[in-house]
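Residues per chain are reported as follows:
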Amino acid sequence: MSGSSAKTIDFEHVDVLVVGAGLTGIGMGYHMRAEQPGKTFAIVETRDAIGGTWDLFRYPGIRSDADLHTFGFGFKPWTRENAIADGDEILEYLQETIDENDLGRHIHLGHKVIRADFSSEEGLWTVTLQRMSDGKQIDVSCTMLFSAAGYYDTENGYTPAFEGREDFGGEIVHPQHWPQDLDYAGKKVVVIGSGATAVTLIPAMAETAGHVTMLQRSPSYVMPAPRQDPIANTLRRLLPDPIAYAITRKININKQIMLYGASRRFPKQMRALIRKVNTGALPEGYEVDTHFNPHYAPWDQRMCVVPDSDLFKAISNGAASVVTDHIVRFTEKGILLKSGTELEADIIVTATGLNMVPFGKIPLHVDGEEVNLNDHLLYKTLMVSDVPNFAFTVGYVNHAWTLKADLVAHWFCRLLAYMDQHGYATVTPVANDPTLTRRPYIEMGSGYLSRAMHLFPQQGSHGPWKVAQNYKLDRVLLGKDPIDDPALMFTDATLGAAVTAPSGAAV
C-alpha cells in the first residue's frame, strides 16, 4: 500500500467517505472499524501512496517536529527508540496501523476528489472522483463526508518572487519538490528560511555539503530536544508497551501544555530561558541576539525543535552558518544582500514556506450553491456552519496534530451513533446567535497562516464557534460533552423534517 498500488473504486455508495490517506485518514479508519463496525466507509487518496505529508516531503532529514508519544496515535503505542522520528519511521508506523487493522481494503489510492455536492432532498453527498492514472471521472455517494486532507497545498509550495531569479547559474530547489537525484556533496548551499523545514534541512545537508548557510530575514525561536526520550525508553523496558506508552504520552502532553502556558503567561522569562539554552549550545561569543532572538514573544509563532541540538552542532563545527539580512536580488553566483554582501551558492533552497488550503481545495456545493467557506463559521473546530453532514480535522498549532485528530475521530463516531439512535438523516451546525462576532480561524503571526486565513471558515467569539487551541478543553468538549446541542440542526430520516436535538440525550 505504500507503493504505487492504486486500487480501482469498487463502491457506489458508503456511509462515510474519508478524503486523505495520511495520518488523519488512517486514524479515522481505525476509529470507524473500532467504534462504528456496522458502517461502510472508504478512504480516497490522490497520491499513489499512503502517508500524506510523510510521503510528500522527501527532503534530507525529514522528521517529526513533535515527539511520537504525542504525535503517534492514542490507540497504537510508539515503540521505537527515537521519540523525534525520521520520516521513514513514521511511514512504517502508518503502514503497520493499516496492516494491523485491515484498513488496506478500505483505501483507494490514485483518486482525487474534484467536487462534492450535497442534496438536502436526498440527504447525500455526490462526490466526483478523478482517477489519476487515466483522468476518468467517477461519481460516488456518501451520507457523511469527512476531510482528512490537512491544510497543505500538496501541489505547490510557497516561494516569494525573487528579483534576478533567472540570472542565478546554479540550481534552485523548493523542499516540497525535492529532486531525488540532487547532488549537493561538497557544494555551497544557501537555505532561505528559518522555520521548521530550514532547521531540519540544514544539519542534514551539512553532513556532506561543502557549507550550508541559513539565510533568514528575521530569527525564529529554536529549541533543542533529545531525539530519544529516556523516560519513555526506560518505561518500555519495565512495563508492557501500552502502559508505558500511556504514561509517557500523559507526561509529554503535560510538558507541552506547561511550555506553551508558560510562554504565554511569562514571555519575558521564557525568552530569557530560551536565549540561555541557545547561548549554551553555540560557540562562545556567538551573536545569539542577532540570529536566534526573535522580535516576537515565544509561541506567537510555532517554535522550531532541533533534535540533539543538531543545528547548533553544525554551526559550532563550521559546517553551517546563519546570516540575518534582507535579499536584494539573486545574482549569477548567488544572492546579493541589503548589507552589500554577496552570498555565493551552487544551490539555493527556498525553504520559504507552504501554502495553506482548506479541505484539499475541494469545491463544496450545497443544493447547487457553492460554499464560500470564509462566510461560514467553525463548529467545535470540526464542522462548518450551514454545511450538512460534513466534518474535518485540522490539528493544533501548539500541540501535536494527532491529539486533535484522535479527539475528532472519536467525536465523529459518537455523532454517527447518536444520529442512528434518534433516526436522524442529516446534521447541520447553524449559527443563529446575533451576538456572535467573527475572527480568523487561526490567530498567529506566521506568514503561511496569515496568507491563507481568508480561504478558511472563521471562528466566532464564544460558544462552540470559538477556537481554543486547547487540548484539555477539547478533551471535555469533544470527548465528554453530549452530542446534542442547540447549535446543531438535525433532520428526521423518515419525515425529512428539521428537528433540534432532544435536550440531555447523550451518546
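Residues numbered from 1 in each chain as written. Predicted model: local features only at pLDDT ≥ 70, side-chain atom pairs only at ≥ 80, totals over all residues. Heavy atoms only, no water.

> I'd like a rundown of the overall build of the protein, residues and numbers included.
Check the secondary structure of the protein and you find 13 helices and 28 strands. In terms of overall dimensions, the protein has C-alpha extents of about 75 × 50 × 50 Å along its principal axes. Considering only contacts within the protein whose residues lie at least 6 apart along the sequence, 71% involve residues at least 24 apart. Counting every atom, the protein has about 21400 Å² of accessible surface; 51% of that belongs to carbon and sulfur. If the 45 positive side-chain charges of the protein are averaged to one point and the 59 negative ones to another, these points end up 7 Å apart. (Helix = DSSP H or I, 4+ residues; strand = E, 2+ residues; numbered from the N terminus. Contact = heavy atoms within 4.5 Å. Areas by Shrake-Rupley, 256 points an atom, 1.4 Å probe, with all protein chains shown as cover. Lys, Arg positive; Asp, Glu negative; His and termini not counted. Charge placed at Lys NZ, Arg CZ, Asp CG, Glu CD.)

> Requested: an account of helix α6 (residues 230-238), with residues and values cited.
Since the α-helix turns once every 3.6 residues, residues separated by three or four places project in the same direction. Those residues of α6 lying buried are A232, N233, L235 and R236. For α6, the angular spread of buried residues about the axis comes to 165°, placing them on one side. In α6, the exposed positions that point more than 90 degrees away from the buried face belong to P230, R237 and L238. Those residues of α6 that are buried are in contact with α3 (68-71) and α7 (241-265). One side-chain oxygen at the N-terminal end of α6 lies 3.0 Å from the backbone nitrogen of I231; it belongs to D229. (Buried < 20%, exposed > 50% of the residue type's maximum accessible area, 1.4 Å probe, protein only. Arc of directions from axis to C-beta. Polar contact = N/O pair within 3.5 Å; in protein donor to acceptor, adjacent residues only side chain to side chain.)

> Before we move on, could you go through the nonpolar core and cite the residues and values that matter?
By size, the foremost hydrophobic cluster in this structure holds 142 residues, and its most contacted members are L17, W125, V127, L145 and L364. Per-element tally for this core: the top contributor is helix α11 (residues 401-422), with 13 residues. In this view, V127 contacts L17, V113, R115, A116, I138, D139, V140, C142 and L145; residues no more than four positions away in its chain are not counted. V190, I335, L343 and I348 belong to the second-largest nonpolar core, a separate cluster that totals eleven residues. (Core = buried A, V, L, I, M, F, W, Y, C linked by side-chain atoms within 4.5 Å.)

> Which residues make up a nonpolar patch on the surface, and what values do they have?
A surface patch of nonpolar side chains, about 490 Å² in accessible area, is lined by I231, L238, L239, I243, I247 and I251. Of all the secondary-structure elements, those providing two or more residues to the nonpolar patch are α6 and α7. No other element matches the three residues that α7 contributes to the nonpolar patch. Here L239 lies in the loop between α6 and α7. On the basis of relative accessibility, which here comes to 31%, the residue L239 falls in the partly exposed class. (Patch = residues over 30% accessible without salt bridge, like charges linked within 9 Å, V, L, I, M, F, W, Y side chains within 5 Å. Salt bridge = Lys/Arg side-chain N within 4 Å of Asp/Glu carboxyl O.)

> So what's going on with the pairing of strand β27 (residues 488-492)? Residues and values would help.
By the criterion of burial, β27 is predominantly enclosed, with four of the five residues buried. Relative to β27, strand β24 (residues 424-429) runs antiparallel, the two being bridged by five bridges. Across the sheet, the residue bridging to P429 is L488, located in β27. (Pairing = 2+ DSSP bridges.)

> Any details on the sheet that holds strand β9 (residues 188-192)? Residues and values, ideally.
In any sheet, the strands associate via hydrogen bonds between backbone groups, in a parallel or an antiparallel arrangement. Read across the open sheet, the five strands follow the order β8-β17-β9-β10-β13; overall the sheet is parallel. Taken across any chain shown, the strands that pair with only one partner, and hence form the sheet edges, are β8 (171-173) and β13 (320-324). When the angles between neighbouring strand axes are averaged without regard to direction, this sheet yields 20°. Across five bridges, β9 lies against strand β10 (residues 211-216) in parallel orientation. Bridge pairing links V189 to V212 in β10. Running over the sheet, helix α5 (residues 196-206) touches β9, β10, β13 and β17 (347-350) and is turned about 165° from β10. (Axes fitted to C-alpha atoms, helices over the stretch in contact; angles between N-to-C directions.)

> Would you mind going over the confidence of the model for the protein in detail, with residue names and values included?
Mean pLDDT over the protein works out to 93, with 96% of the residues at or above the 70 mark. This stretch, residues 501-507, has a pLDDT under 50; its non-local contacts, to residues over four places away or in other chains, come to 22 contacts. (pLDDT = per-residue confidence, 0-100.)

> Could you give me a rundown of the packing of aromatic side chains, with the residues and numbers involved?
Within the structure shown, the criterion is met by 28 aromatic pairs. Their ring planes at 70° and their centres at 5.3 Å tell us that Y151 and Y152 sit as a pair that is edge-to-face. An angle of 50° between the planes, with centres 5.5 Å apart, marks the rings of Y418 and F490 as tilted. Here Y418 is found in helix α11, whereas its partner F490 is found in strand β27, with 72 residues between them in sequence. A relative accessible area of 0% places Y418 in the buried class. The class for F490 is buried, based on a relative accessible area of 0%. Joined through ring pairs, the aromatic side chains of Y30, F73, F75, W78 and Y93 make up one cluster. Across the ring face of W78, the terminal group of R80 is positioned such that the distance to the ring centre comes to 5.1 Å. Seen from the ring of Y158, R451 lies directly overhead, with NZ or CZ sitting 3.4 Å from the centre. (Phe/Tyr/Trp six-rings, centres within 6.5 Å; stacked < 30°, edge-to-face > 60°. Lys NZ or Arg CZ within 6 Å of the ring centre and 35° of its normal.)

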